[in-house]
Amino acid sequence: PNEPWLLANLYNGSVHIWNYVDQTLVKSFEVTDLPVRTSKFIARKQWFAAGSDDMMVRVFNYNTMDKVKVFEAHSDYIRSIAVHPTQSYLLTSSDDMLIKLWDWDQGWMCTQVFEGHTHYVMQVVFNPKDANTFASASLDHTVKVWSTGQQVPNFTLEGHDKGINCLEYFTGGDKPHLITGGDDKKVKIWDYQTKSCVNTLEGHTHNISAVCFHPELPLIVTGSEDGTIRLWHSTTYRLEQTLNYGLERVWTIAYLKGTNLLAVGYDEGTVLIKIGREEPLASMDAGGKIIIAKHNEIQTVNLKSLSADSELNDGERISLASKDLGSSDVYPQSLKHSPNGRFVSVCGDGEYVIYTALAWRNKSFGQGLEFVWSYDSSMYGIRESASSLKIFKNFKEDKAIRLDYHAEGIYGGALLGVRTRDFICFYDWLDGSVIRRIDVPVKHVTWSDRGDSVALVTDDTLYVLEYDRDVVDRYLESGQEIGEDGIEDAFEVAHEVSTRAQTALWVGDCLIYTDAAWHLNYVVGGEVTTLFHLDHPMYLVGYLKNLNRLILVDKDFSVISYKFLLSIIEYKTLVIRGDMAAAAAALEAIPSSHHNAMAEFLEAKGFVEEALAIATDDQYRFELCVQLGKLDVARQIAEVLQSEKAWKQLGEMAMGGGNLEVAESCLAKGRDLSGLLMLYTSTGDAVGMAKLGAMAREDGKLNIAFLCAFLSGQTADCISLLGEANRFPEAALLARTYLPEKMSGCVAEWKEDLSKVNRTAAAALADPAEHADLFPSLAGGPPADEEVFQEPEPEPEPEPEPEP
């Protein structure tokens, strides 16, 4: 299936399909009450087949969950099923010592029975290089190789001291190998052409229950009833690692071709593990020649053929054919160009080889767990063991460094870096002296081309340090003794970025990196800028200066590029240094489409005036003017923007500065009625209030229109506005207080509106015209509005005091 599914057959008679990405149970099939010992996907038919202890084979459609076929296949427990890669064939093996071939295109007819084993047949597998042959493993201590169409085995392999439980063919290359595991606790690798045992792997402490050759990596994987998974090198047969997840006995191992995934079935559950590295092995020289390692095969992609006029789109694969360069003598675990690009180092399996980059000829080789280049291509270093380093010059050993701690990794560059779990220690290439110990648990180190900056990548932080070579040289020349922590002032922390960086490289003074969310970012002066959002994991390999493009490679070895202008970095660097005159000159090399981004950078650094001078976006220029208080320039930009928001901002800005005339104009253009209300009430502008009332009524802002009318003494207009807003109770009460003669009309409207909801309540409302006795206070006296709004009598002027 194309889905991320894992098929698991259980001892309780069920078969489960799991989604291994989100770890959810997708489907469950109750197959039988007895153990189901084997199951296989038949993806081209959207089926799976299961064999169980009731001697039956059952075939299900895993999409519809319908049962396609049920038939009795053997007279004893069914141990194994194998599906032919192209034909409509199914092989089954059983404790009845038989192997049977079934053809589903012929109605699941048994087309052949293979006899020859004298004990249970534990597993059968088709040969991936010749699908007309298959092998079987039996508890009779033998492996037999058969051909479909023949009754007798082609040959028999003998060598195990006890029964054989499992076997598999080698799928990763041309080797005619077969691997088996038995109850004698041994794993054997066979050459089925010479019919001889190539090697025996020992180390498990119980029966071997599962074996496989990893299809992508040079690994043999074995599982045992001792509860462990062991990983062996398929070339050297060295034990690389032992895994124990505490889930009791191992029963099965499965891999997914094209990935590094491995599934292991135990008594107590299933474990999915990822082996090896996702990051592709690729290195690029300064000219654009990329060298890629696909297992032992070495290929090259040459970007030099791309001209400056080439149509390259950000994030798209560059369509260039790769060429075979040769093969590596060791299985590559690291691959890196020398600084001058003339050599390429390959390291793996405890060895390193240096090849010429052009012809891929072996220049030098040796023993080493890791290999790194110095800043000088004539020097390189190796980690010989956890406590021993060697430095080579002109391909000859120059010096050895003995460590009093356990080294887990080394890094090249201006200094030789040695990593432990808790710290990194830098050494001088020339004399091997300690330069500085830094207590940071790094996982990656990268130096700038000039060797004056270094980035230390940890699990959650990116540190950018400045390296002062002059301080170090003076210290060394003084003859002072260097302590175990090195020279204190050798490094200074320039920036610290909280991020989970995945890959990083320097372009000039700029650090480019990808993070865990797969954003492509760069850091200049401590400021992080996101260039692009990557749509899938990609890994930085270099920068092509002639094309102004960053080069990345994904796990499928596709080469992808993104535009990145070095002139932008130069400009930002000059700004950070405070050389504004040089920065202004450098700006001319930057396309105008990037000027706005440069203005944002200037603003962040506090150069707001300079940002305004180069900004191109009117909205952004307006915001800068507001920051700077440039009212006149901001008004000119606002005329272009014609944005109510901009006019409101300007109105507030002008009001704050006491420029009331400009404030009124801007607030009116921005239709900021609340602002105008505050302005007119503060200044007592009756004419303005009248205009504002009309504007508010036009915009449907009846609350503001009401305030304008009320403060202007236009009580009749207030009552009218309340009526428009269907606020009849308030209108009646307002009339009761200020215009009693309008009460009857207001009450009538109130009653009409209320009767739609509650007629009884409406009938209870009293009209003062009909029930004057209920409103005695209305009889006589001037209307309240005349009292409230009448002009106050002028106060008498005080009489002059008599002169003495």
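On a predicted model such as this, the values are computed, not experimentally measured, just so you know.

### Overview of the sheet that holds strand β19 (residues 196–202)
Then, in step 1: Taken in spatial order, the 4 strands make up an open sheet running β16-β17-β18-β19, and their pairing is antiparallel. A strand with exactly one partner marks an edge of an open sheet, and here the two such strands are β16 (164–169) and β19. Within the sheet, the average angular offset between the axes of one strand and its neighbour, ignoring direction, is 20°.
Then, in step 2: In this structure, β16 lies alongside strand β17 (residues 177–182), joined through 5 bridges in antiparallel fashion. When the bridges of β17 are listed, I164 appears paired with G182.

### A short note on the sheet that holds strand β4 (residues 36–42)
Then, in step 1: Strand order in the open sheet made by the 4 strands is β4-β5-β6-β7, with antiparallel pairing throughout. Every other strand in the sheet has two partners, leaving β4 and β7 (67–72) as the edge strands with one partner each. The average undirected angle you get between the axes of adjacent strands in this sheet is 15°.
Then, in step 2: Two elements, β4 and strand β5 (residues 47–52), share 6 bridges in a ladder whose sense is antiparallel.

### Quick look at helix α11 (residues 686–699)
Then, in step 1: Taking 1.5 Å of rise per residue, the 14 residues of α11 would be expected to cover 20 Å, and the 20 Å separating its terminal C-alpha atoms lies within 8% of that figure.
Then, in step 2: For α11, the complete set of buried residues consists of G688, M689, L692, G693, M695 and A696.
Then, in step 3: Structurally, α11 contributes buried residues whose contacts are with α9 (660–669), α10 (673–683) and α12 (702–711).
Then, in step 4: For α11, the N-terminal capping position is held by D685, with its side-chain oxygen 3.2 Å away from the main-chain nitrogen of V687.
Then, in step 5: Residue G700 follows α11 closely and has a positive phi angle near 80°.

### Details of the pairing of strand β27 (residues 281–284)
On a regular strand, each side chain points to the face opposite its neighbour's, so the side chains alternate between the two faces of the sheet.
Then, in step 1: Along β27, one buried face is formed by L281 and S283 and the opposite face, lined by A282 and M284, is buried too.
Then, in step 2: Sheet topology note: the β27/strand β28 (residues 289–294) ladder contains 4 bridges and is antiparallel. Bridging from a neighbouring strand, L281 pairs with A293 of β28.
Then, in step 3: Where β27 folds back on β28, the antiparallel hairpin that results is connected by 4 residues, among which G288 adopts a positive phi of roughly 105°.

### Some thoughts on the nonpolar core
Then, in step 1: Among the nonpolar cores identified, the biggest contains 52 residues, and I512, F564 and Y571 are the most heavily contacted of them.
Then, in step 2: Of the residues forming this core, the biggest block, 5 residues, is contributed by helix α2 (residues 566–577).
Then, in step 3: Excluding anything up to four places from it in sequence, F564 contacts V507, C510, I512, Y522, L531, Y543, N548, R549, L550 and I569.
Then, in step 4: Counting residues in each nonpolar core, the second largest holds 27 residues, with A709, I719, L734 and V747 among its members.

### A closer look at the packing of aromatic side chains
Then, in step 1: Here the structure, examined in full by the defined rule, presents 38 aromatic pairs.
Then, in step 2: Summarising the aromatic geometry, the rings of W518 and Y539 are spaced 5.5 Å apart at their centres and angled 75° between planes, so their arrangement reads as edge-to-face. Separated by 21 residues along the polypeptide, W518 in the loop between β48 (510–515) and β49 (519–524) and Y539 in strand β51 (residues 538–544) bring together distant segments of the chain.
Then, in step 3: Judged by relative accessible area, Y539 falls into the buried class, the value being 9%.
Then, in step 4: Arranged with centres 5.4 Å apart and planes meeting at 65°, the rings of Y522 and F564 form a pair that is edge-to-face. Remark: F564 occurs in the loop between β53 (559–563) and α2 and Y522 occurs in strand β49; sequence separation between them is 42 residues. The same class applies to Y522 and to F564, which are both buried.
Then, in step 5: Cluster of aromatic residues (ring-pair linked, three or more members): F343, Y352, F371, W373, Y380, F392 and F395.
Then, in step 6: For the cation-ring pair, K363 lies above F395, with the distance from its terminal atom to the ring centre recorded as 5.3 Å.

### A word on the packing of α9 against α10
Then, in step 1: The contact between α9 and α10 brings their axes to 9 Å, and the two run at 145°. Our pair here, α9 against α10, has a crossing hand that is left-handed. Contacts between α9 and α10 involve L660, E664, L667 and A668 from the first element and G675, L676, L679, Y680 and T683 from the second.
Then, in step 2: Residue classes in the contact of α9 with α10 are distributed as 6 nonpolar, 2 polar and 1 charged.

### Considering the side chain of D103
Then, in step 1: Inspection of the secondary structure assignment puts D103 in strand β10 (residues 99–103).
Then, in step 2: Among buried Asp, Glu, Lys and Arg side chains, D103 stands out as unpaired, with R44 the closest opposite charge at 9.0 Å.
Then, in step 3: Of note is the side chain of D103, whose polar atom sits 3.1 Å from the side chain of Q106.
Then, in step 4: Non-local contacts of D103, meaning those with residues more than four positions away in its chain, are made with S88, Y89, W108, M109 and T111.

### Considerations on the pattern of salt bridges
Then, in step 1: For the structure on display, the rule yields 27 salt bridges.
Then, in step 2: Note that R419 and E408 form a salt bridge whose closest N and O atoms lie 3.5 Å from each other. With R419 in strand β40 (residues 416–419) and E408 in the loop between β38 (396–402) and β39 (409–411), this pair connects stretches of sequence that are 11 residues apart.
Then, in step 3: What makes R419 buried here is its relative accessible area of 17%.
Then, in step 4: We classify E408 as partly exposed; its relative accessible area is 29%.
Then, in step 5: In this structure, R469 and D428 form a salt bridge, with 3.2 Å as the shortest nitrogen-oxygen distance. Taken as a pair, R469 in helix α1 (residues 469–478) and D428 in the loop between β41 (424–427) and β42 (434–438) lie far apart in primary sequence, 41 residues in all.
Then, in step 6: Note on R469: relative accessible area 31%, which makes it partly exposed.

### Points about the environment of W102
Then, in step 1: Structurally, W102 can be placed in strand β10.
Then, in step 2: With relative accessibility at 6%, the residue W102 sits in the buried group.
Then, in step 3: As a C-alpha pair, W102 and V83 span 19 residues in sequence and 9.8 Å in three-dimensional space.
Then, in step 4: For W102, the residues in contact, after removing those within four places along its chain, are F71, E72, A73, S88, Y89, L90, T92, W108, M109 and C110.
Then, in step 5: Within polar-contact distance, the side chain of W102 engages the side chain of T92 at 3.0 Å.

The rules behind these values
Residues numbered from 1 in each chain as written. Predicted model: local features only at pLDDT ≥ 70, side-chain atom pairs only at ≥ 80, totals over all residues. Heavy atoms only, no water. Pairing = 2+ DSSP bridges. Helix = DSSP H or I, 4+ residues; strand = E, 2+ residues; numbered from the N terminus. Axes fitted to C-alpha atoms, helices over the stretch in contact; angles between N-to-C directions. Expected span 1.5 Å × (residues − 1). Buried < 20%, exposed > 50% of the residue type's maximum accessible area, 1.4 Å probe, protein only. Contact = heavy atoms within 4.5 Å. Polar contact = N/O pair within 3.5 Å; in protein donor to acceptor, adjacent residues only side chain to side chain. Core = buried A, V, L, I, M, F, W, Y, C linked by side-chain atoms within 4.5 Å. Phe/Tyr/Trp six-rings, centres within 6.5 Å; stacked < 30°, edge-to-face > 60°. Lys NZ or Arg CZ within 6 Å of the ring centre and 35° of its normal. Left-handed = near helix turned anticlockwise from the far one by under 90°. Nonpolar A, V, L, I, M, F, W, Y, C, P; charged D, E, K, R; others polar. Lys, Arg positive; Asp, Glu negative; His and termini not counted. Salt bridge = Lys/Arg side-chain N within 4 Å of Asp/Glu carboxyl O.

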